[in-house]
Amino acid sequence: MLGKFITFEGGEGSGKSTQARLLSEQLWRVGVHTFITREPGGSPFAEALRQVILDPNMPPHSALSEALLFYAARADHLDNTVRPALNSGLWVICDRFIDSTRVYQGIAGGLPGEVIDTLNEMIVSPTYPDLTIILDVPAELGLGRAHSRRVDKVNPDTEADAYEKRDLAFHWKLRDAFREIARAEPQRCVLIDAGLDERVVFSEVWRAVQTRLFALAR
Ligand SMILES: Nc1ncnc2c1ncn2[C@@H]1O[C@H](COP(=O)(O)OP(=O)(O)O)[C@@H](O)[C@H]1O
Ligand SMILES: [Mg+2]
């Protein structure tokens, strides 16, 4: 049996990694075997490219060059991680995927949507997500969380990456773009208010998974 493919999308600090983990734990509890992965990355070659893509000291480069790096990583991630896992029946939960490309390199970066559509047809098809959960928070709130995650003494993160360092106007643009995707693709996407307590947010995530995927799977 083929597993389901669930992606989490949203700005910095919107809670993607937190909710991906909570969802994975809950699915295991109800007997669904899951696998968590992330982009950019998720396979050895793609993780190596992640270092390049997120390096805040990279020389300036175009949104097209950046998108092609993402798709080099994505092709490898799909072939070596996502598709084998789905084919073995695991439900794959991915922290960021194609909508982040559309938002960061497309809408915010100026890369035409048709270029991304073409790359998706070449590289992603037919492995589109069964469900995409878009976590929506005001830009300041998300950036504040991302900052406190970094200064957390118990679980310190790395320095701010190339995107997190961009100005507030850029982050508001990202938020609007994610909301627009949710509006345009209601079959695949669910927009969730992620400004609330993480357990409250998770109850909405779980409700979406149950209504969108379990109704069909069980
Ligand atoms: N609903 C929430 N309310 C408050 N803090 C949260 C919430 N969800 C996550 N956090 C915290 O905010 C920080 C960023 O969350 P994270 O899941 O890493 O976001 P993302 O992966 O989207 O960047 C972490 O320190 C996390 O513990
Ligand atoms: Mg994260």
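For every chain, the first residue of the written sequence is number 1, and numbering continues from 1 along that sequence. Working convention: letters from A go to chains and numbers from 1 go to ligands, in the order in which they are written. In keeping with the model being predicted, local features are shown solely for residues with a pLDDT of at least 70 and side-chain atom pairs are shown and tallied solely at 80 or more, while totals for entire chains, interfaces and linings include all residues. For the side-chain quantities, the full set of heavy atoms in the structure was used; hydrogens and water were omitted.

So the rule is basically this: UniProt positions are given in the numbering used here, feature names are shortened, and annotations may be inferred rather than shown by experiment.
For the chain, an unreviewed UniProt entry supplies the name Thymidylate kinase and the organism Hyphomicrobium album. In UniProt, the chain has this text filed under Function (unreviewed entry): "Phosphorylation of dTMP to form dTDP in both de novo and salvage pathways of dTTP synthesis." In the Sequence similarities (unreviewed entry) part of its UniProt record, the chain is described as follows: "Belongs to the thymidylate kinase family."

What about the overall build of the chain?
Applied cut-off: Going along the chain from the N terminus, every DSSP run of H or I of four or more residues is numbered as a helix, and every run of E of two or more is numbered as a strand. The quantity called the radius of gyration is restricted to C-alpha atoms. Its globule counterpart is 2.2 Å times the number of residues to the power 0.38. Note on classification: 1.4 Å probe, protein chains only; a residue is buried when its accessible area is under 20% of the maximum for its type, exposed when over 50%, partly exposed between these limits. What sets the accessible areas is the Shrake-Rupley method with a 1.4 Å probe; for residues, cover comes only from the shown protein chains.
When helices and strands are counted, the chain shows eight helices and five strands. Order of helices (α) and strands (β) in the chain, N terminus to C terminus: β-α-β-α-α-β-α-α-β-α-α-β-α. Here the C-alpha atoms of the chain give a radius of gyration of 17 Å, agreeing with the 17 Å that 2.2 N^0.38 yields for 218 residues. Reported as C-alpha extents along the three principal axes, the dimensions of the chain are approximately 50 × 40 × 35 Å. Here the chain holds 218 residues, and 50% of them are scored as buried. Accessible surface for the chain amounts to roughly 10600 Å². Of this, 56% is attributable to carbon and sulfur atoms.

A few points about the nonpolar core
As a reminder, the rule being used: Put simply, buried Ala, Val, Leu, Ile, Met, Phe, Trp, Tyr and Cys residues joined by side-chain atoms within 4.5 Å make one nonpolar core. Residue contacts follow a heavy-atom distance rule, with two residues in contact if any of their heavy atoms lie within 4.5 Å.
Phe8, Leu23, Leu27, Ile133, Val205 and Val209 are the most contacted members of the largest nonpolar core, which totals 24 residues. It is helix α8 (residues 198-217) that provides the largest number of residues to this core, a total of eight residues. Residues in contact with Phe8, not counting those within four places in the same chain, are Lys16, Gln19, Ala20, Leu23, Ile93, Cys94, Asp95, Arg96, Ile133, Leu135 and Val205. Ranked by size, the runner-up nonpolar core spans 18 residues in total, among them Leu49, Tyr163, Phe170 and Ile181.

Some points on the site of ligand 1
The condition that has to hold: In this text, near means that some heavy atom of the residue lies within 4 Å of the molecule or strand in question. Here a polar contact means two N or O atoms within 3.5 Å. Within protein one must be a hydrogen donor candidate and the other an acceptor candidate, and residues neighboring in sequence count only if both atoms are side-chain atoms.
Contacts to ligand 1 come from 13 residues, most closely from Lys16, Ser17, Thr18, Arg149 and Leu196. At a separation of 2.9 Å, an oxygen atom of ligand 1 approaches a polar side-chain atom of Ser17. Within the contact set of ligand 1, a nitrogen atom lies 2.7 Å away from a backbone nitrogen or oxygen of Leu196. Alone, ligand 1 offers 560 Å² of accessible surface; in the complex the protein occludes 76% of this. Going through the elements one at a time, α1 (16-29) and α6 (139-151) are the ones with two or more residues in the shell around ligand 1.

A look at α1
To be explicit about the condition: Here the expected span of a helix is defined as 1.5 Å times the quantity of residues minus one.
End to end, α1 covers 20 Å across 14 residues, agreeing with the expected 20 Å (1.5 Å per residue, within 8%). Lys16, Gln19, Ala20, Leu22, Leu23, Ser24, Gln26 and Leu27 are the residues of α1 that are buried. Residue Gly31 follows α1 closely and has a positive phi angle near 90°.

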